[in-house]
Amino acid sequence: MRYRTSSSVFTRPIYLVLGVIAGSRSRSARYRESLNRPVEGMRIGLSEYHLRDLDAEVAKAVEDATRLLAASGARLSSVEMPKLDGALQDSFVIGGAEAAAHHERDIKSQPNAYGPKVRERLELGFGFSAVELVRAERKRLRVMAAFADTFREVDVLAGATLPVAAIPIGAEKIRVAGRDEPITQAYMRLTAPQSMGT
């Protein structure tokens, strides 16, 4: 059975948010126009990086969604982007340094205006060296190039953005693929490359 499905069934909320984030009318219009693009014939890359070390429930959800896309006429292919490996650590450096620079005056003059966890993360940002930041920025360029190369072959990437479903409030670690992983790392590792690559 073949379904006549537009991409808006899956992505309408994402495109609307991206349209707002994009800011300019021309860029926002590009996202809105994409809402009515049919799935049939769309080249979808199944990103190996974004399918790694997932909870069984999340892996099944991604598999079900991609099966539906294929049934709707999308052309699926596997995509590997080894340059994304290690992006998480470099995104911590870039994000931490940028946040520290942005908050520098306020955190020094009013440190108690920040909650303990936020203050701790900002203080980590002050600790990165210029060498670490330059290395991370070089990694960002490699990640951006990897995405640019990939999007010459596919129209969109499919994969998970989180490795697990909802977790209990207050949990510090989660168990994924048989190993414990800190919450922050687990919740950022699949989206860090996209954050770096934009």
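Procedures and definitions
- Residues numbered from 1 in each chain as written.
- Predicted model: local features only at pLDDT ≥ 70, side-chain atom pairs only at ≥ 80, totals over all residues.
- Heavy atoms only, no water.
- Helix = DSSP H or I, 4+ residues; strand = E, 2+ residues; numbered from the N terminus.
- Polar contact = N/O pair within 3.5 Å; in protein donor to acceptor, adjacent residues only side chain to side chain.
- Buried < 20%, exposed > 50% of the residue type's maximum accessible area, 1.4 Å probe, protein only.
- Phe/Tyr/Trp six-rings, centres within 6.5 Å; stacked < 30°, edge-to-face > 60°.
- Lys NZ or Arg CZ within 6 Å of the ring centre and 35° of its normal.
- Axes fitted to C-alpha atoms, helices over the stretch in contact; angles between N-to-C directions.
- Parallel < 35°, antiparallel > 145°, perpendicular 65-115°, else oblique.
- Left-handed = near helix turned anticlockwise from the far one by under 90°.
- Contact = heavy atoms within 4.5 Å.
- Nonpolar A, V, L, I, M, F, W, Y, C, P; charged D, E, K, R; others polar.
- Pairing = 2+ DSSP bridges.
- Expected span 1.5 Å × (residues − 1).
- Arc of directions from axis to C-beta.
- Salt bridge = Lys/Arg side-chain N within 4 Å of Asp/Glu carboxyl O.
- pLDDT = per-residue confidence, 0-100.

### A short note on the side chain of arginine 189
With respect to the helices and strands, arginine 189 occurs in the loop between helix H7 (183-188) and helix H8 (192-196). A polar contact is formed between the side chain of arginine 189 and the side chain of glutamate 181, at a distance of 2.7 Å.

### Comments concerning unusual backbone geometry
Negative phi characterises most residues that are not glycine, and trans characterises most peptide bonds. Although it is not a glycine, aspartate 53 adopts a positive phi angle of roughly 50°. Take aspartate 53: it is sitting in the loop between strand S1 (43-47) and helix H3 (56-71). Owing to a relative accessible area of 31%, aspartate 53 belongs among the partly exposed residues under this scheme.

### Considering the packing of aromatic side chains
Here the structure, examined in full by the defined rule, presents 1 aromatic pair. Centroid distance phenylalanine 147 to phenylalanine 151: 6.3 Å. Interplanar angle 15°. Geometry classified as stacked. A residue is classified by how much of its surface remains accessible, and phenylalanine 151, at 37% relative accessible area, is partly exposed. For lysine 108, the ring lying beneath its charged end belongs to phenylalanine 126, and the centroid distance is 5.7 Å.

### Focus: the packing of helix H4 (residues 87-109) against helix H6 (residues 130-150)
For any two helices packed against each other, the geometry is given by the interaxial angle and the distance between the axes. The N-to-C vectors of H4 and H6 enclose an angle of 120°; their axes lie 9 Å apart at closest approach. In this view, H4 runs oblique relative to H6, as classed from their interaxial angle. As H4 packs across H6, the resulting crossing turns out to be left-handed. Contacts from Ala87, Asp90, Val93, Ile94, Ala97 and Glu98 in H4 reach Glu132, Leu133, Arg135, Ala136, Glu137, Lys139, Arg140 and Val143 in H6. Residue classes in the contact of H4 with H6 are distributed as 7 nonpolar, no polar and 7 charged.

### Observations concerning the sheet that holds S1
In spatial order, the strands read S2-S1-S3; together these 3 strands make up an open sheet with parallel pairing. Where the open sheet ends on each side, the last strands, each with one partner, are strand S2 (75-79) and strand S3 (156-158). Averaged over all pairs of adjacent strands, the angle between strand axes in this sheet comes to 35°, irrespective of strand direction. Bridge count between S1 and S3: 3 bridges; the pairing is parallel.

### What about H6?
Taking 1.5 Å per residue as the helical rise, H6 with its 21 residues ought to reach 30 Å, and the 30 Å between its terminal C-alpha atoms agrees with that figure. Looking at H6, one finds that the buried residues are Ala136, Lys139, Arg140, Val143, Ala146, Phe147 and Thr150. The buried side chains of H6 occupy one side of the element, clustering within an arc of 125° when seen end-on. Among the exposed residues of H6, those oriented more than 90 degrees off its buried face are Ala130, Arg138 and Leu141. Tucked into the core, H6 has its buried residues touching S2, H4, S3 and H8.

### Quick look at the pattern of salt bridges
Tallied over the full model, the rule gives 13 salt bridges. Put simply, glutamate 63 and arginine 67 hold a salt bridge, and the shortest N to O gap is 2.7 Å. With a gap of 4 residues between them, glutamate 63 and arginine 67 both fall in helix H3, about one helical turn apart. Here the salt bridges do not stand alone but share partners, grouping Lys60, Glu63, Asp64 and Arg67 into one network.

### Comments concerning the environment of alanine 99
Following the sequence through the fold, alanine 99 ends up in helix H4. The class for alanine 99 is partly exposed, based on a relative accessible area of 25%. Alanine 99 sits 26 residues away from glycine 125 along the chain, and the two C-alpha atoms are 7.0 Å apart.

### Notes on the confidence of the model for the protein chain
Averaged over the protein chain, the pLDDT score is 85; the fraction of residues at 70 or greater is 81%. Here residues 1-9 scores under 50 on pLDDT; set against residues more than four positions off or in separate chains, the count is 22 contacts.

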